[in-house]
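Observations on chain architecture
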Amino acid sequence: MTPDTALALARRAVELAPDSAAARHALANALKSAGQLAEAIDAYHMAIAINPNFSEAWGNLGLAFHEAHNLPSAIFAFNALLKLTPNDPLAHNALANALRDQGHYQAALDSYHRALALRPNYAIAHNNLGKLLHDLGRLPQAIEHYHLAIAADPNRSEPYQNLGIAFEKLGQTQQAIDMYRKALARGVTAPEARYHMAALIGSDAPDAAPTAHILQLFNPFAETFDDRLSKLHYQTPQLLLNALLAATGHMNSDPALRGDGAPHGNAGPWLTPASLDIIDLGCGTGLCAPLLKPFAKTLLGVDLSPNMIEKARQRNLYTSLITADLLPTLHAHPNFFDLAIAADVLVYFGDLAPLFTATHAALRPNALFAFSVESSPDDTDFALRPTRRYTHSEPYLRRLAAHHHFQILSLTPGTLREESAHPVPGLIAILRKK
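So, here is what we can say about the structure in this document. Residue numbers here run from 1 along each chain, matching the order of that chain's written sequence. For this predicted model, a pLDDT threshold of at least 70 governs which residues receive local features, and a threshold of 80 or more governs which side-chain atom pairs are given and counted, while totals over whole chains, interfaces and linings are taken from all residues. Values reported for side chains reflect all heavy atoms of the structure, with hydrogen atoms and water molecules removed beforehand.

1. Observations regarding the packing of aromatic side chains
Stated precisely, the cut-off is as follows: Here is the rule: rings of Phe, Tyr and Trp (six-membered ring for Trp) pair when centre to centre is within 6.5 Å. Planes less than 30 degrees apart are stacked, more than 60 are edge-to-face, and the remainder are tilted. Starting at the N terminus, helices and strands are each numbered in turn, a helix being any DSSP run of H or I of at least four residues and a strand any DSSP run of E of at least two. Only protein chains enter the area calculation, which uses a 1.4 Å probe; residues under 20% of their type maximum are buried, those over 50% are exposed, and those in between are partly exposed.
Evaluated as defined, the whole model comprises 12 aromatic pairs. Ring geometry for Tyr195 and Tyr390: centres 6.5 Å apart, planes at 45 degrees, overall tilted. With a gap of 195 residues between them, Tyr195 in helix 12 (residues 191-201) and Tyr390 in strand 7 (residues 390-392) connect regions that are remote in the sequence. Comparing Tyr195 with Tyr390, the two get one shared label, buried. Ring geometry for Phe356 and Phe371: centres 5.7 Å apart, planes at 70 degrees, overall edge-to-face.

Given below as structure tokens:
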């Protein structure tokens, strides 16, 4: 049965029995399966209004809120479920997941332990607890729970993958590779395992970092992200602004590109106050926003991590913020922006062609694309390093620019930050859409 058919049948059942909590719940499930999350949440609420003790509806409501990144509401729903079913290990695990993503780490640990006290061989909870302990720097305990997850269910791929990550942190590279291979041998698509193994063996790299890896990398560290980068002497946003000022100084002196002050003519004014529609790609916690805001008529921030978006929101500098993938967001805004900026974002893409295509389509004529990359040590187009970041070569960027109808205004080397007390070399690019 297709999702559309299931949804039509569920709507018909509600028409026939509008006061049935079960019918409303079935409709909510069908809406959720069809990707209509807001409507599903409304339908779960209707089912609960009819039957406040409908435990399954409370649980599914919590899952829907979690998927919608409404973590406080998810936590409320899971707590309501646990009042009805206090001995449900799945409910404790679901609550722990929401608490973890909200940053309530001790409460999440307590909930995972309650789940495991109720079901000691609960593989998913062992793996989830291992990941949280891993993120908290408690690696030996994390490894113990990964092993318990494997003992409980040897066919799950994720605990092997997580053990691989843990062994890497311990410097045990071959053991890590063995774990990644075991994850892949589970017969389940495991893009993260392929990605991690490619970084270690130096071949077969995917075209981009897996979404799940990006979320696991950034969501837990949103609160401390700015402090971490400060300790690494991170300076990419300032390098990009300096390059933009230099490039647009030339553009403002060129009558063909100046636009004669028109807000959105063939070129438009460059870096004049409140004049530009800007998109901050992979905005993170918003470190570029203070530098961009003076020039922005509108400033849109986009990032995959909801926790990073929430930290960016607290700056109160963006016109709007979206938790989303970059490519669909760019495709949804054709011929819209005067400036697209990507600070320390392209390091999570290997093949940059799709991003160049999408960015070109989202920019107005003569608009600018400003970005940083980490430099390849040779002329290889791109390579995935053990750091899990891609490097790119200057010849590759020049070919991409020419192929996608960008003029290179500047392409200059710079030190982006430090890593293990060593400078990380990069390239700062300012391109103009032809």
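2. Digging into the nonpolar core
Selection rule: Think of a nonpolar core as a cluster: buried Ala, Val, Leu, Ile, Met, Phe, Trp, Tyr and Cys residues, connected wherever their side-chain atoms sit within 4.5 Å. Every residue pair with non-hydrogen atoms within 4.5 Å of one another is taken to be in contact.
Core analysis: the biggest nonpolar cluster contains 74 residues, and Phe369 and Phe371 have the highest contact counts within it. Once residues lying within four places of it in the same chain are set aside, the contact partners of Phe369 are Leu281, Ala340, Phe356, Thr359, Leu363, Phe406, Ala429, Ile430 and Leu431. Ala47, Ile48, Leu81 and Ala183 belong to the second-largest nonpolar core, a separate cluster that totals 63 residues.

3. Regarding the environment of Asp338
Convention followed: For this analysis, a polar contact is any N or O atom pair within 3.5 Å, provided that within protein one partner can donate a hydrogen and the other can accept it, and provided that sequence-adjacent residues contribute only side-chain to side-chain pairs.
Secondary-structure assignment places Asp338 in strand 4 (residues 337-342). It is 9.6 Å that separates the C-alpha atoms of Asp338 and Ala296, two residues lying 42 residues apart in sequence. Polar side-chain contacts of Asp338 include one of 3.1 Å to the side chain of Arg364.

4. Focus: helix 8 (residues 123-135)
Test applied: Multiplying one less than the number of residues by 1.5 Å gives the expected span of a helix.
Taking 1.5 Å of rise per residue, 13 residues should cover 18 Å, and helix 8 covers 19 Å from first to last C-alpha, within 8% of that figure. With 11 of 13 residues buried, helix 8 is to be regarded as a mostly interior element. What helix 8 keeps buried is the set Ala123, Ala125, His126, Asn127, Asn128, Leu129, Gly130, Lys131, Leu132, Leu133 and His134. The secondary structure elements touched by the buried residues of helix 8 are helix 6 (89-102), helix 7 (105-118), helix 9 (139-152), helix 10 (158-169) and helix 13 (211-218). Looking one or two residues past helix 8, Gly137 carries a phi angle of roughly 85 degrees, positive in sign.

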